[in-house]
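Single-letter residue listing:
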Amino acid sequence: MTSPGDSGEREQWPLWEVFIRSSRGLSHVHAGSLHAPDETMAVRNARDLYTRRAEGVSIWVVRASAITASDPDAKGAFFESPQGKEYRHATYYTESDTVPHL
Amino acid sequence: MADPLRQLHAAHELDDDPDGSGQRRFDELIATDSRIEPSDWMPAAYRKTLVRQISQHANSEIIGMQPEGNWITRAPSLKRKAILMAKVQDEAGHGLYLYSAAQTLGTDRDTMFENLITGKAKYSSIFNYTTPTWADMGSIGWLVDGAAICNQVPLCRASYGPYGRAMVRICKEESFHQRQGFEILLELMRGTPAQQQMAQESVNRWYAPALMMFGPPDADSPNSQQSMAWKIKRFSNDELRQRFVDMLVPQAEILGVTLPDPDLKWNEERGHYDFGELDWAEFTEVLAGRGPANAIRVSRRRTAHENGEWVRAAARAYADKQSADGQSADRQTNQAPAHEWMAS
């Protein structure tokens, strides 16, 4: 399973996924994708395409074909484990609702 | 034609939903106003509609660079030149966001480029009008980008996730386009009688074509119904056109320009402006390729694409050679561990 939209070797330039850190202290977040011949050009293209208004202080690019995704057809089963485990959330514990600082 | 992705998707639709569970899941997501993502099952017609709409939208952004690119060398000041270049660069960016969104549906960008330059794919007919004066840069920003924003804001909530996300980014950037156009006209309207006349004549040229950007009247727009049921479109063509006219009238008053429609008047009962019939015969003509600039727009795009071929090929050849030499692998191992340089 690779990134949606990756067309393998059919296109002249491969597809890259772009991640931008908007400011120090925050994670890199997926911004979009682009085509580029290699990693150096992908970073430069990403700068021109996704940070024209100072949206980022750092860029990651990764070839779309290098991304491994969970199987979309196994959605239900794959993400079943947390179902019914509300006790993993603080909101499950209501006895302490009126207790301060808890 | 060897097109593994498309074959994959075709097979997906035929074989992958024998029990109708894909359709049920799709209907449920649409009904609950959730989003459809690329790997979800979707009806073939939904996919086809989206590929057509998003790629046409992308093509419009790319072709839309031309009427304004035409004025970069003749912008009246360095400031205006810088602004115009930034705007045209944005249009290129918008085209790329949208091609990426369309590509997630299984049609690659090279194919969409090909369809544009061979005249197989459409783009917004507004870009087949010419820009004979500087004031047209103002009218394009105020009227054409204004209409585009009106159309695009609801598309941020389109049911197809990648399309909506691309539109959010585009809408954020688009409002600068409209404001700079408004300012160009405002400056001309504060100028000499000749400048005022230039502004007015430009508004006369662009007003009706901008209103036609919303597409034919609802009664003649058979696909709209389905697009609205799929929550790709949120409002009908006529609803959006009315909204646009209602916004334009007070803006025109501030500018001091006259909107070229004798039937334009406030309707107290409806709480909206009434406006005159548009020339839909002209719309059909331009859409059919017989507008003032259809031929030159596509041929310029084709020439630019073909002239860039050696650059794309050289960059690809260089990249292939680098990876064949193992240099790119060396470069990485000579670096600090991935997490360190990634964090910088």
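Residues numbered from 1 in each chain as written. Chains lettered and ligands numbered in written order. Predicted model: local features only at pLDDT ≥ 70, side-chain atom pairs only at ≥ 80, totals over all residues. Heavy atoms only, no water.

Novice: Would you take a moment to explain the interface of chain A and chain B for this structure?
Specialist: Many authors give the size of an interface as the accessible area that is lost as the parts come together. Each partner contributes to the interface: chain A provides 32 residues, whereas chain B provides 38 residues. Carbon and sulfur atoms make up 44% of the surface buried where chain A meets chain B, a total of about 2,800 Å² over both sides. Counting the surface chain A buries against chain B, the share from its top three residues, R10(A), Q12(A) and R52(A), is 23%. Where chain A touches chain B, the interface holds four salt bridges. Residues R52(A) and D90(B) are paired through a salt bridge, measuring 2.8 Å at the closest nitrogen-oxygen approach. Our enumeration of links across chain A and chain B arrives at 18 residue pairs in polar contact (both at pLDDT 80 or more). When residues of the side of chain A that touches chain B are traced back to their parent elements, those giving at least two are β1 (15–21), β2 (28–35), α1 (39–50) and β3 (58–63) of chain A. A breakdown of the residues in the side of chain A that touches chain B according to their chemical character gives 11 nonpolar, eight polar and 13 charged. (Contact = heavy atoms within 4.5 Å. Buried area = accessible area lost by both parts, 1.4 Å probe. Salt bridge = Lys/Arg side-chain N within 4 Å of Asp/Glu carboxyl O. Polar contact = N/O pair within 3.5 Å; in protein donor to acceptor, adjacent residues only side chain to side chain. Helix = DSSP H or I, 4+ residues; strand = E, 2+ residues; numbered from the N terminus. Nonpolar A, V, L, I, M, F, W, Y, C, P; charged D, E, K, R; others polar.)

Novice: Please clarify how unusual backbone geometry should be interpreted in this entry.
Specialist: Most peptide bonds take the trans form, and the phi angle of most residues other than glycine is negative. Positioned with a positive phi, A54(A) is a non-glycine residue whose angle comes to about 55 degrees. On the basis of relative accessible area, A54(A) is assigned to the exposed category, the value being 67%. Although it is not a glycine, K231(B) sits at a positive phi angle of roughly 60 degrees. Checked against the element boundaries, K231(B) lands in the loop between α10 (222–229) and α11 (237–255). (Buried < 20%, exposed > 50% of the residue type's maximum accessible area, 1.4 Å probe, protein only.)

Novice: What's the story with the confidence of the model for chain B in this structure? I'm lost.
Specialist: Close reading of the predicted structure is inappropriate where its pLDDT is low. Residue and element names in this part refer to chain B. When pLDDT is averaged along chain B, the result is 90; 90% of the residues meet or exceed 70. Note that pLDDT drops below 50 for residues 330–344; the model gives that stretch 11 contacts with residues more than four away or on any other chain. Listed scores for the predicted complex are pTM 0.88 and ipTM 0.86. (pLDDT = per-residue confidence, 0-100.)

Novice: So what exactly am I meant to see when it comes to the pattern of salt bridges here?
Specialist: For side chains of opposite charge, pairing can occur when their charged atoms come near one another. This model, assessed by the stated rule, comprises 21 salt bridges over all chains. Salt-bridge contacts for E173(B) lead to R52(A); the nearest nitrogen and oxygen are separated by 2.8 Å. You can see E173(B) sitting in helix α8 (residues 161–189) and its partner R52(A) sitting in the loop between α1 and β3, one on each of two chains. The class for E173(B) is buried, based on a relative accessible area of 4%. Here R53(A) ties to D90(B) by a salt bridge, and the two come within 2.4 Å at their closest N and O atoms. One end of the pair, R53(A), is in the loop between α1 and β3; the other, D90(B), is in helix α5 (residues 78–103), on a second chain.

Novice: Is there a simple way to think about helix α12 (residues 280–290) of chain B in this case?
Specialist: Residues three or four positions apart in an α-helix share a direction because the helix packs 3.6 residues into each turn. Residue and element names in this part refer to chain B. Considered for burial, the residues of α12 that qualify are W280, F283 and V286. For α12, the angular spread of the buried residues around the axis is 120 degrees, confining them to a single face. Looking at α12, the residues exposed on the side facing more than 90 degrees away from the buried face are A281 and R290. Where the residues of α12 are buried, they touch α9 (193–212), α11 and α13 (294–307). (Arc of directions from axis to C-beta.)

Novice: Which parts of the structure should I look at to understand the nonpolar core?
Specialist: Generally speaking, a soluble globular protein has its nonpolar side chains buried in company with each other. Counting residues in each nonpolar core, the largest one holds 90 residues, and the members touching the most others are L34(A), Y46(B), I54(B), W142(B), Y160(B), Y163(B) and L259(B). Here this core takes 10 residues from α8(B), the largest share from any one element. When residues no more than four places from it in sequence are discounted, the contact partners of Y163(B) are L50(B), Q53(B), I54(B), H57(B), L98(B), A101(B), L155(B), A158(B) and I232(B). (Core = buried A, V, L, I, M, F, W, Y, C linked by side-chain atoms within 4.5 Å.)

Novice: Help me out: how do you make sense of the packing of aromatic side chains in this one?
Specialist: All names here are of chain A. All chains considered together, the criterion is met by 14 aromatic pairs over all chains. Look at Y87 and Y92: their rings are 6.2 Å apart centre to centre, the planes differ by 75 degrees, and that puts the pair in the edge-to-face class. Overall, Y87 belongs to the partly exposed group, its relative accessible area being 41%. With a relative accessible area of 47%, Y92 lands in the partly exposed category. (Phe/Tyr/Trp six-rings, centres within 6.5 Å; stacked < 30°, edge-to-face > 60°.)

Novice: Just checking my understanding: could you explain the sheet that holds β1(A) for this structure?
Specialist: In any sheet, the strands associate via hydrogen bonds between backbone groups, in a parallel or an antiparallel arrangement. Residues and elements named next belong to chain A. Read across the sheet, three strands follow the order β2-β1-β3 without closing on themselves; strand pairing throughout is antiparallel. At either margin of the open sheet sits one strand with a lone partner, and together these are β2 and β3. Here the average twist between neighbouring strands, direction ignored, is 25 degrees. Examined bridge by bridge, β1 and β2 share seven bridges and lie antiparallel to one another. Across the sheet, the residue bridging to E17 is S33, located in β2. Against the sheet, α1 engages β1, β2 and β3, with an angle of about 110 degrees to β2. (Pairing = 2+ DSSP bridges. Axes fitted to C-alpha atoms, helices over the stretch in contact; angles between N-to-C directions.)

Novice: Explain the packing of α8(B) against α11(B) to me, please; I cannot follow it from the model alone.
Specialist: In a pair of packed helices, the angle between the axes and the distance between the axes together describe the arrangement. All names here are of chain B. Close contact between α8 and α11 brings their axes to 9 Å; oriented N to C, the two are set at 40 degrees. Across the interface between the two elements, Q178, F182, L185, L186 and M189 of α8 pack against Q251, I254 and L255 of α11. For the contact of α8 with α11, the class distribution of residues is six nonpolar, two polar and no charged.

Novice: Would you mind showing me how to read the pairing of β2(A) here?
Specialist: Side chains on a regular strand alternate between the two faces of the sheet. Of all eight residues that make up β2(A), six are buried, and the element is covered over most of its length. What sits between β1(A) and β2(A) in their antiparallel hairpin is a turn of six residues, with G25(A) showing a positive phi close to 95 degrees.

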